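Chain by chain, the residues:
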Amino acid sequence: MTARPIGGTLEARAETPQAGGAGVGPVSGGARRTARRPRSPLVANLARPPFADHRFWAAEAMVVIAVLAHLAADVAQDGGVFPAPGFVWVLLLLVPVVYAGTAFGLAGSLGTAASGIALLSPEELLNRHSATEAWGEWSALAMVLVVAVLLGYRFEQERLLRTKMLAAVREQIVGSVEGRPLSYRHLFDALPYGIALVDTDGAIRYANGHLEALSGYRADELVGRAVEVLVPAGSRDRHVAQRGEVAGTPVTRSHGERPGLVLRRRDGSEVPVDVALAPLVVDGTSLVVAMVRDDSDRHAAERARSEAEKRFRLAFENNVAGMVVADRDGRLLDVNRSYCKMLGLTAAKLLGRDLIEVTHPKDRALTTEMHRRLTSGELERVSYVERYLHSDGHVVSADVLTGVVTDESGAAAYLVASARDVTEERALAARLSHQALHDPLTGLANRALFEERLTRPFAATSRRKSLTAVMLLDLDDFKAVNEALGHHAGDQLLVELAQRLARVTRESDMLCRLGGDEFLYLAEGLSTSTEAEEIARRLLDALVEPFVLDHVRVEQRASLGVVVREHVGKDWGELLQGADAALYAAKRDGKGWFATFAPEMREQVSEHFELSQELHQALASGELSMHYQPLVELRRSTVVGFEALMRWHQRTRGQVPPDVFIPLAEQSSLIGELGQFALREAGAAAASWQSAGGSAVAPYVSVNLSAHQFHDPTLLSFVEKVLATSSLAPCRLVLEITEGTALADVAGAARVVEELRDLGVRLALDDFGTGYSSLSYLARLQPSIIKIDKSFVSPMAENLHAQSLLAAIVSLGHDLDMTVVAEGIETPEQLERLRGLGCDVGQGYLFSRAVPAGEVAGVLARAPGGW
């Protein structure tokens with residue numbers, strides 16, 4: 001029996017043997033088949049195109065459509081209608097090339113590509129094109145040719161495999177080797193596929209063992225039954241139609257993912273399969289060879305890949321972070337909605353752009369370097385912070401995590417990145433960091449930042465042999481502002497003061513609010529200590545201009561301590577202690593100025609601390625007492641009152657001067673307790689005094705009030721309690737305040753004075769002439785007594801100018817119906833000059849020093865005129 005390919009269909013014909021017998025049998029040894037060396041299938045197919053196959057003409061029609069589309073695009077581009085270059089449409093030839101390759105193998109893809117190139121070449125050669133267009137045209141044609149070769153080769157291999165398989169089947173059915181008949185069953189059973197021979201009626205004539213295992217049927221159960229027993233019920237009609245078409249088709253291949261290509265097992269379950277069908281003619285009988293391969297693994301793999309792609313797409317599109325896919329050159333291939341929202345651009349405006357274009361200019365070098373390290377294989381993934389430019393111009397900060405996707409060879413193919421917008425987080429972190437290192441009220445650096453900055457310059461200053469100065473500034477009597485105008489006004493003053501100090505701060509220096517009313521100043525790179533003193537003066541000069549707080553002009557002064565690094569160690573605490581010691585010295589010397597640290601100041605600070613502790617115990621231990629200095633009417637030389645002055649006799653130190661312990665009390669809450677002690681003691685003492693020198697009225701007592709005590713809301717009730725307890729007439733109690741205390745809150749001071757006046761208590765304005773001496777607030781307060789400071793009375797003031805000022809003050813007091821008291825009278829000449837000016841009352845060592853309460857009676861007993 002000989003077989004030959006006819007139009008791709010196997011036809012087997014039986015030959016009669018020379019020595020009798022009939023039917024299919026072995027060929028005798030004398031009868032030999034002559035074999036002609038076949039031509040190459042590729043050459044044969046190219047030499048004999050399948051004109052009768054409708055798929056050939058379908059491919060050629062696609063070629064014509066592609067050529068016409070290309071010509072139309074060229075015309076549209078020349079007319080400016082379509083901006084894309086015409087050579088792009090050349091790539092449409094890939095569609096018929098792939099189609100022809102699947103149908104006819106390498107010959108089909110090459111032939112189709114050649115026909116397309118032949119049709120397009122005259123237009124390319126005859127029409128005038130730019131160099132870029134010509135390069136694009138021929139490059140696209142070359143690409144089509146390369147794709148035709150690569151895909152056609154792959155399809156050709158599959159065709160050859162099936163052709164060889166069918167040839168083997170033919171030989172097994174009708175051939176022989178060395179005179180022995182071969183059984184096709186042996187071959188079919190050896191193949192790794194399920195094999196069935198099906199006649200034109202659809203009846204199964206043969207089934208191999210693999211098909212038995214795949215279907216669950218035994219071979220004898222399948223032979224004689226319709227092949228549709230292996231097809232699901234819903235697909236049988238379509239299967240019958242497809243089977244009928246196979247008779248005129250060389251090889252038909254279908255894939256399991258297409259509808260209907262599912263094998264129904266005996267138990268009713270279904271298995272996805274890959275099926276190849278080919279017609280076969282044996283002795284005039286038409287059969288169909290069906291090769292069935294279990295496609296479950298591929299189907300499961302594709303389903304898993306599809307699900308993975310869906311999960312990735314779901315995670316990609318719905319991710320709250322911006323997601324990006326870029327090629328190895330950084331060109332954007334895909335972006336999600338979050339990324340578009342983060343940059344304020346649509347996907348259409350982003351795709352195809354280089355990632356560098358939307359990156360902040362200052363971060364582009366970083367991005368380029370990260371991409372280089374990823375694509376070179378140096379890194380698999382990298383995380384960094386990158387800034388982008390939003391479409392409205394503002395900067396977006398993002399945490400970026402970028403990974404690389406490699407191809408089969410391990411080379412970088414794509415970059416996948418997530419970009420999480422952290423703009424608000426970083427802004428919040430910056431604010432929190434700023435708040436942690438800056439004062440919330442003034443915005444200046446706080447102690448932590450100052451200390452950090454202070455520790456930096458030591459090494460540098462040591463190398464440069466320059467000096468570093470630390471200055472501690474503290475407001476004088478700031479507590480009075482808070483008490484008089486309220487803490488809101490105090491905060492307002494601190495803010496304005498910070499602004500003033502900042503304006504005179506050098507760029508290389510640092511200003512800090514230490515806390516409360518204390519400020520620190522760091523000056524670096526100084527050549528001499530004199531430069532530090534110049535800076536100190538500049539800082540204090542910033543307070544010369546009065547502050548306006550809630551429409552109230554406030555004169556505020558400050559004291560300042562300076563320490564230069566060459567005088568102290570490198571420790572931060574030691575520097576601050578040195579500045580604090582210098583500040584204490586400045587306040588002790590009269591406030592409103594600065595002092596530079598000297599080693600002996602440490603002892604003074606230590607003594608200051610010990611003295612403060614001892615002062616707290618002085619009240620309980622009875623070490624404090626009140627002394628009284630007489631106030632003498634100058635015209636009659638009679639005692640009309642006493643000023644109560646506090647004295648402290650410490651058991652180990654002896655007498656501690658008031659100008660030492662009173663400032664200590666003012667710096668703590670102890671000043672309130674001392675003030676109440678002075679009022680109680682003075683009230684009780686004055687109640688026992690009798691009139692002297694023929695006066696009908698007993699002497700009054702004058703008690704000094706601190707700013708804290710004067711603005712204390714409980715002052716009035718406490719005064720009433722003292723008067724009631726001591727039975728002292730209100731008219732015999734005078735309360736003294738300074739000009740600074742009154743000016744801190746003129747309206748509040750006027751209200752307190754009015755309440756005291758209603759009670760019958762008089763007010764004296766102390767140290768008049770040394771402060772503001774404002775006629776407006778003098779008229780508002782209307783004190784009963786004004787006391788002229790001793791600086792106008794002392795010998796140093798014995799000049800015409802001072803005398804003129806003194807005369808003016810006395811005259812002003814009389815015009816306002818106020819009693820004028822001159823302090824610090826020490827010589828008869830001063831007494832006579834004051835009498836000549838008409839001063840009412842005098843006080844000073846010329847009359848008497850302050851005496852204990854037990855000696856007041858002796859002072860009162862002195863004869864009038866004995867002063």
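The coordinates are above.
Below you will find a few notes about this structure. (Residues numbered from 1 in each chain as written. Predicted model: local features only at pLDDT ≥ 70, side-chain atom pairs only at ≥ 80, totals over all residues. Heavy atoms only, no water.)

**Section: the overall build of the protein chain**
Piece 1. The number of helices and strands found in the protein chain is 30 helices and 32 strands.
Piece 2. Looking at the protein chain as a whole, 44% of its 867 residues are labelled buried.
Piece 3. Long-range contacts, defined as pairs at least 24 residues apart, comprise 59% of the intrachain contacts of the protein chain with a sequence gap of at least 6.
Piece 4. Only carbon and sulfur atoms are counted for the fraction: they give 55% of the accessible area of the protein chain, which is about 44,200 Å². (Helix = DSSP H or I, 4+ residues; strand = E, 2+ residues; numbered from the N terminus. Buried < 20%, exposed > 50% of the residue type's maximum accessible area, 1.4 Å probe, protein only. Contact = heavy atoms within 4.5 Å. Areas by Shrake-Rupley, 256 points an atom, 1.4 Å probe, with all protein chains shown as cover.)

**Quick word on the packing of helix 20 (residues 601-621) against helix 21 (residues 658-666)**
Piece 1. Close contact between helix 20 and helix 21 brings their axes to 10 Å; oriented N to C, the two are set at 75°. One way to sum up the angle between helix 20 and helix 21 is to call them roughly perpendicular. For the pair helix 20 and helix 21, the contacting residues are His-608, Leu-611, Ser-612 and Leu-615 in the first and Val-660, Phe-661, Leu-664 and Ala-665 in the second.
Piece 2. Of the residues assigned to the contact of helix 20 with helix 21, the class counts are 6 nonpolar, 2 polar and no charged. (Axes fitted to C-alpha atoms, helices over the stretch in contact; angles between N-to-C directions. Parallel < 35°, antiparallel > 145°, perpendicular 65-115°, else oblique. Nonpolar A, V, L, I, M, F, W, Y, C, P; charged D, E, K, R; others polar.)

**A word on the sheet that holds strand 11 (residues 322-327)**
Piece 1. As summarised here, the arrangement of the 5 strands in space is 12-11-15-14-13, forming an open sheet in which the pairing is antiparallel. Among the strands making up the open sheet, the edge pair consists of strand 12 (332-335) and strand 13 (381-389). Averaged over all pairs of adjacent strands, the angle between their axes in this sheet comes to 25°, without regard to strand direction.
Piece 2. Note that strand 11 and strand 15 (residues 412-421) share 6 bridges and pair antiparallel. Residue Asp-327 lies in a different strand from strand 15, and its bridge partner there is Tyr-414.
Piece 3. Seen against the sheet, helix 12 (residues 364-375) touches strand 13, strand 14 (395-406) and strand 15 and runs at an angle of roughly 150° to strand 13.
Piece 4. Against the sheet, helix 13 (residues 423-437) engages strand 13, strand 14 and strand 15, with an angle of about 130° to strand 14. (Pairing = 2+ DSSP bridges.)

**Examining a nonpolar patch on the surface**
Piece 1. A contiguous nonpolar surface patch, about 330 Å² in accessible area, is contributed by Val-64, Leu-68, Leu-71 and Leu-119.
Piece 2. The biggest single contributor to the nonpolar patch is helix 2 (residues 54-78), with 3 residues.
Piece 3. On the accessibility criterion, Leu-68 (51% relative accessible area) is exposed. (Patch = residues over 30% accessible without salt bridge, like charges linked within 9 Å, V, L, I, M, F, W, Y side chains within 5 Å. Salt bridge = Lys/Arg side-chain N within 4 Å of Asp/Glu carboxyl O.)

**Description of helix 26 (residues 746-759)**
Piece 1. The end-to-end C-alpha separation of helix 26 is 20 Å, in line with the 20 Å expected for 14 residues at 1.5 Å each.
Piece 2. What helix 26 keeps buried is the set Val-746, Gly-748, Ala-749, Ala-750, Val-752, Val-753 and Leu-756.
Piece 3. Positive phi shows up at Gly-760, right after helix 26, with a value of about 100°. (Expected span 1.5 Å × (residues − 1).)

**So, the sheet that holds strand 16 (residues 467-475)**
Piece 1. The strand order across the open sheet formed by 5 strands is 17-18-16-21-22, and the pairing between neighbours is mixed. Of all the strands in the sheet, just strand 17 (510-515) and strand 22 (594-596) have a single pairing partner and so form its edges. In this sheet, neighbouring strand axes are inclined to one another by 20° on average, regardless of whether the strands run parallel or antiparallel.
Piece 2. Inspection of the sheet shows strand 17 paired to strand 18 (residues 518-526) by 5 bridges, in the antiparallel sense. Residue Met-510 lies in a different strand from strand 18, and its bridge partner there is Leu-522.

**A closer look at the packing of aromatic side chains**
The description of an aromatic ring pair uses the distance of the two centres, along with the angle that the planes make with each other.
Piece 1. This model, assessed by the stated rule, comprises 7 aromatic pairs.
Piece 2. Look at Trp-593 and Phe-594: their rings are 4.9 Å apart centre to centre, the planes differ by 35°, and that puts the pair in the tilted class.
Piece 3. In this structure an aromatic cluster arises from ring pairing among Tyr-628, Phe-642 and Trp-689.
Piece 4. When the ring centre of Phe-547 is taken as reference, the NZ or CZ atom of Arg-500 above it lies at 3.8 Å. (Phe/Tyr/Trp six-rings, centres within 6.5 Å; stacked < 30°, edge-to-face > 60°. Lys NZ or Arg CZ within 6 Å of the ring centre and 35° of its normal.)

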